[in-house]
Amino acid sequence: MAGCSADDDRGGTVVTPSAEFPPLTSAELDALRRVGAHWRVGAPPALPVDPTLDRYRNRPTPGRFSRLAPIALFRPAPGAPAGRDGLVAAEPADQPDSPLGRRLGRVRRVLLGPPLASAAVLHERMRKLVALPVLSSDLLSSVAYGPEALLTVLVLAGSGALGLALPLSAGLVLLMVAVGISYRQTIPAYPHGAGSYLVAGDNLGVGAGLTAAAGLMLDYVLTVSVSIAAGVHAITSALPGLTPFAVPLGVLVILLLLAGNLRGVRAAGNLFVLPTYAFVAAVVGLLVVGYLRAAGRGFAPVAPPVVPATQGLGLLLVLRAFASGAVSMTGIEAVSNAVPAFHTPEWRNARTTLTWMVAMLVVLFAGLTLLIHLAGLVPRPGETLLSQLARVTFPTGPWYAVVQVTTALILLLAANTAFNDFPRLLFFMARAGHAPRRFLHLGDRLAFGNGLVALAGTAIVVFVAFGGHTEKLIPLYAVGVFLAFTLSQSGMVVHWRRHRGGGWRRRAAVNGVGAVLSGLVLLTAAVAKFTEGAWVVVVAVPLLVLLFHRIHRHYRILHAALALRPPSPVPAPPAAAGPPEPAAGPPGAPAARPVEGEELPQELRHLVVVPVVRLNRASMRALAYAVSLGRPTLAVHLAPEDAEADRFRKQWRAWGDHVRLETIVSPYRAVVGPLAHYLEALHAAAPELVLTVVVPEVVLRRPGHRLLHSRTGQRLRRALRALPGVVVTTVPVHVPD
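### Concerning the overall build of the protein
Part 1: Across its full length, the protein carries 25 helices and seven strands.
Part 2: Within the protein, buried positions represent 47% of all 737 residues.
Part 3: Accessible surface, the protein: about 36,100 Å² in total, of which carbon and sulfur atoms supply 64%.

In structure tokens, the structure reads:
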């Protein structure tokens, strides 16, 4: 990983559609030039078709069964010289051929919208007024359950322990400010996003970066599950009759959020502007009216109902309460992960947005906690604390309903922060080879569809497994997010010490305070909530890190296997007299290379093998295609018994015996296994050969007809592709309806 300092170009971004296709390094380009210098081929023959499609531009479009794209589906690339390469696929070229595929495509367009060109990626960004509700929905919505999570633990020691809520909340406000200022420093230092993953990996090592990534991934999954669970709880608090349908309702909301985010960043952002601002306005109105009522009685707190103690008041309980209240900070890192999603200058707009987010969080969290204390409310099953506070503050009129509706909306939509950041985190991990490369792909709406689907699927599993209960999910919540906070802030301390720019000591001190406070919450949550469910995260993080390392190892091996190697010179003949060494091939053949190691045309020696089941049009076409290649050709027939093998040899001689035939008797009637082993034996006998297996295939148009035929051809292709040094090609014969 490579970080970007504060002095780097802040206008750039690495989140582009071209990230799937990384350029060659200088070493790879050098190897490519050396390989090209050794190619020995004659002048290329004239092409039988114009690749620019100019001469066929007015040709009629293909018929029903044609799989070639019509000429109208392509146009010359802007600036491409006449007669040279450079075509652009028009939008209709993406349409499927089958009627079912076209119908599904129309449904997809209705749900997700028309595809967006790659050039539109710069327009799919958010301005600050849109980014604030999109990225703060998780952070601000947590005030709906953060104070309640703190009081739920304190009340275990009886109503007398509720007085500790105020000093603990003051500590949480200090933590919010410290972490917020720390992330304000992270954004300009790492303007390309990726947050804790990139910061920790760049400064503390790859292992720390992957650990932070694992914590963030778990946090995002739990963000979706907890937000949806809390939103559904807010709905059922106002409408108890919907309680039996809580789980299906939550799953439906996750699917709706998935569909909304698949429409793209800008389209999804427009969905969250009004609910977030409406929630902020409703809570601010609640605070204003609530404090006016409290002022009327001289700010004297109402005595809370007597709650018997079920646990003793001790340090562990206090720390558990502090860690539970810290879930109000989840989502504070969202802006640092999504810097490339802002309009330019990205880092400046992101930092301003973060400042407003933290300020709003502090006001809402501190205001609600103090007002709950003044109102003398305690958590109780069946109704949230915010719902109780709204009932007390607005005993009449529609305002209680307004608070509940806006709370339910923002809680349900708060999961969108995870939908925005989780795919971007996977993008950066995939770019470094620690996640599957499919997460680099931008869909037709310029959204990371694979990452969105992965998040939605995992969140649904977690939500259903815990029955949609917020109190069961919150103990899992704080460990992952504060693990990422701690590693990120520790990494920033190392970053400032390494670069030592102006004011680096002050900046390092701020990040150091954030790291210490975050680490305290992390240890408290991991120890105090271990038996309540935090053990799941403690176990899952190292398992995820191990998985990331295994993925990276696979890609490293793949890269080494596919890397270009400069051609090795042909060894000179020995000068000393004596018997010559046996040749690895015929005179003049190039030096032997490893299996599948040929990179030059003159290094390849071919044998074309055609499996033949029976002599019909499909096999004749495959044989004709193989012989037309001008390479040695061998036909192979597998027979279940000797009598059938004899019959086939007679048919072969009747045809004219134009190609060498080898029959194999398979007494157990297997086809795929014996043929694959036979080809493997052929290759072992002559490792310098490239075996090209030409498989005839009958292509049926209707899916129902495919059920009437065996899938031997497909099984054969799958088995042969596993053999090194074997090339599999298919010669289709299309059967009309």
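### Describing the confidence of the model for the protein
Part 1: With 75% of its residues at a pLDDT of 70 or more, the protein has an overall mean of 77.
Part 2: Confidence, read as mean pLDDT per element, is least for strand S2 (residues 87-89) in the protein (52) and greatest for helix H16 (residues 449-465) (90).
Part 3: Long-range and interchain partners of residues 1-13, a stretch whose pLDDT sits below 50, account for 31 contacts in this model, where long-range means more than four residues apart.
Part 4: Throughout residues 62-71 the model reports pLDDT below 50, and contacts reaching past four residues in sequence, or to other chains, amount to 14 contacts.

### Let's talk about the pattern of salt bridges
Part 1: The tally for this structure, following the rule as stated, stands at four salt bridges.
Part 2: Glu 383 is the salt-bridge partner of Arg 380, the closest N and O atoms lying 2.7 Å from each other.
Part 3: Residue Glu 383 is classed as buried on the basis of its relative accessible area, which comes to 9%.
Part 4: A salt bridge links Glu 662 to Arg 660; the nearest nitrogen and oxygen atoms lie 3.2 Å apart.
Part 5: Residue classification places Glu 662 among the partly exposed residues on the basis of a relative accessible area of 27%.

### Some remarks on a nonpolar patch on the surface
Part 1: Together, Phe 530, Trp 535, Val 536, Val 538, Val 539 and Leu 543 make up an exposed nonpolar region whose accessible area comes to about 500 Å².
Part 2: As for its position among the elements, Val 539 is in helix H20 (residues 530-562).

### Considerations on the pairing of strand S5 (residues 660-665)
When a strand is regular, its side chains alternate between the sheet's two faces.
Part 1: Both strand S4 (residues 633-639) and S5 contribute to a ladder of six bridges, which runs parallel. Paired with Leu 634 across the strands is Arg 660, a residue of S5.
Part 2: Assessed by its sense of winding, the connection that carries the chain from S4 through helix H22 (residues 642-655) to S5 is right-handed.

### Some words on the nonpolar core
Part 1: Counting 146 residues, the largest nonpolar core has Leu 135, Val 224, Ile 228, Ile 254, Phe 419, Met 429 and Phe 482 as its most contacted members.
Part 2: When residues in this core are grouped by element, the largest group, 19 residues, is from helix H7 (residues 206-238).
Part 3: Those residues in contact with Met 429 that lie beyond four places of it in its chain are Tyr 197, Leu 210, Ala 213, Met 217, His 434, Ala 435 and Phe 548.
Part 4: Counting 20 residues, the second largest nonpolar core, distinct from the first, contains Leu 675, Leu 689, Val 693 and Leu 716.

### Notes on the packing of H7 against helix H8 (residues 246-262)
Part 1: Interhelical geometry of H7 versus H8 gives an angle of 125 degrees and a closest axis separation of 10 Å. On the basis of their axis angle, the class for H7 and H8 is oblique. Viewed along their axes, H7 and H8 form a crossing whose handedness is right-handed. Contacts between H7 and H8 involve Val 224, Ile 228, Val 232 and Ile 235 from the former and Ala 246, Leu 249, Gly 250, Val 253, Ile 254 and Leu 257 from the latter.
Part 2: The class makeup of the residues in the contact of H7 with H8 is nine nonpolar, one polar and no charged.

### Some thoughts on unusual backbone geometry
Part 1: Look at Phe 299: it is not a glycine, yet its phi comes out positive at around 55 degrees.
Part 2: Here Phe 299 lies in the loop between helix H9 (265-296) and helix H10 (315-325).
Part 3: Look at Asp 657: it is not a glycine, yet its phi comes out positive at around 50 degrees.
Part 4: Judged by its relative accessible area of 43%, Asp 657 is partly exposed.

### Some words on the packing of aromatic side chains
Part 1: Inspection of every chain in the model, using the stated rule, returns seven aromatic pairs.
Part 2: Their ring planes at 85 degrees and their centres at 6.4 Å tell us that Tyr 220 and Phe 422 sit as a pair that is edge-to-face. With a gap of 202 residues between them, Tyr 220 in helix H7 and Phe 422 in helix H15 (residues 416-431) connect regions that are remote in the sequence.
Part 3: Take Phe 422: its relative accessible area is 5%, and that puts it in the buried class.
Part 4: One aromatic cluster in this structure is built from Tyr 183, Phe 482 and Phe 485.
Part 5: In this structure, Arg 507 is placed above the aromatic ring of Trp 496, and the distance from its NZ or CZ to the ring centre is 5.1 Å.

### Quick word on the packing of helix H5 (residues 165-189) against helix H12 (residues 346-375)
Part 1: For the pair H5 and H12, interaxial distance at closest approach is 9 Å and the crossing angle is 175 degrees. Judged by the inter-axis angle, H5 sits roughly antiparallel to H12.
Part 2: Here the contact of H5 with H12 is composed, by residue class, of 18 nonpolar, five polar and two charged.

### What about the side chain of Gln 489?
Part 1: Inspection of the secondary structure puts Gln 489 in helix H18 (residues 477-499).
Part 2: Assessed through its relative accessible area of 0%, Gln 489 is described here as buried.
Part 3: Aside from chain neighbours lying at most four places away, what touches Gln 489 is Ser 182, Tyr 183, Thr 186, Asn 511, Gly 514 and Ala 515.

### Description of the environment of Ala 208
Part 1: Mapped onto the elements, Ala 208 comes out in helix H7.
Part 2: Look at Ala 208 and you get buried, because its relative accessible area is 16%.
Part 3: Separated by ten residues in the primary sequence, Ala 208 and Leu 198 have C-alpha atoms spaced 9.6 Å apart.
Part 4: Beyond its immediate sequence surroundings of up to four residues, Ala 208 is in contact with Ala 200 and Leu 487.

### Topic: the side chain of Gln 388
Part 1: Along the polypeptide, Gln 388 turns up in helix H13 (residues 385-393).
Part 2: Look past the residues within four positions of Gln 388 in its chain and what remains in contact with it is Leu 377, Val 378, Pro 379, Arg 380 and Glu 383.

### Some words on the pairing of S4
Part 1: Among the seven residues of S4, seven are classified as buried, and the element is accordingly described as predominantly covered.
Part 2: By the alternation rule, side chains of S4 split into Thr 633, Ala 635, His 637 and Ala 639 and Leu 634, Val 636 and Leu 638, which are all buried.
Part 3: Bridge count between strand S3 (residues 605-611) and S4: four bridges; the pairing is parallel. When the bridges of S4 are listed, Pro 611 appears paired with Val 636.
Part 4: Note on the crossover from S3 through helix H21 (residues 617-628) to S4: the handedness is right-handed.

### Side note on H22
Part 1: Here H22 contains 14 residues, and its C-alpha end-to-end distance of 20 Å stays within 8% of the 20 Å for a straight helix at 1.5 Å per residue.
Part 2: Considered for burial, the residues of H22 that qualify are Glu 644, Ala 645, Phe 648 and Trp 652. Projection of H22 onto a plane perpendicular to its axis shows the buried side chains occupying an angular sector of 100 degrees, all on one side. Set apart from the buried face of H22 by more than 90 degrees, the exposed residues are Asp 642, Lys 650, Arg 653 and Ala 654.
Part 3: For H22, the secondary structure elements touched by its buried residues are H21, S4 and S5.
Part 4: Just downstream of H22 lies Gly 656, where phi reads positive at about 130 degrees.

### Some details on the environment of Leu 638
Part 1: If you trace the backbone, Leu 638 turns up in strand S4.
Part 2: Residue Leu 638 is classed as buried on the basis of its relative accessible area, which comes to 16%.
Part 3: In this structure Leu 638 touches Ile 664, Ser 666, Ala 670, Val 671, Pro 674 and Leu 675, once residues within four positions along its chain are discounted.

Thresholds, definitions, all that
Residues numbered from 1 in each chain as written. Predicted model: local features only at pLDDT ≥ 70, side-chain atom pairs only at ≥ 80, totals over all residues. Heavy atoms only, no water. Helix = DSSP H or I, 4+ residues; strand = E, 2+ residues; numbered from the N terminus. Buried < 20%, exposed > 50% of the residue type's maximum accessible area, 1.4 Å probe, protein only. Areas by Shrake-Rupley, 256 points an atom, 1.4 Å probe, with all protein chains shown as cover. pLDDT = per-residue confidence, 0-100. Contact = heavy atoms within 4.5 Å. Salt bridge = Lys/Arg side-chain N within 4 Å of Asp/Glu carboxyl O. Patch = residues over 30% accessible without salt bridge, like charges linked within 9 Å, V, L, I, M, F, W, Y side chains within 5 Å. Pairing = 2+ DSSP bridges. Right-handed = clockwise from strand over helix to strand, strands pointing away. Core = buried A, V, L, I, M, F, W, Y, C linked by side-chain atoms within 4.5 Å. Axes fitted to C-alpha atoms, helices over the stretch in contact; angles between N-to-C directions. Parallel < 35°, antiparallel > 145°, perpendicular 65-115°, else oblique. Left-handed = near helix turned anticlockwise from the far one by under 90°. Nonpolar A, V, L, I, M, F, W, Y, C, P; charged D, E, K, R; others polar. Phe/Tyr/Trp six-rings, centres within 6.5 Å; stacked < 30°, edge-to-face > 60°. Lys NZ or Arg CZ within 6 Å of the ring centre and 35° of its normal. Expected span 1.5 Å × (residues − 1). Arc of directions from axis to C-beta.

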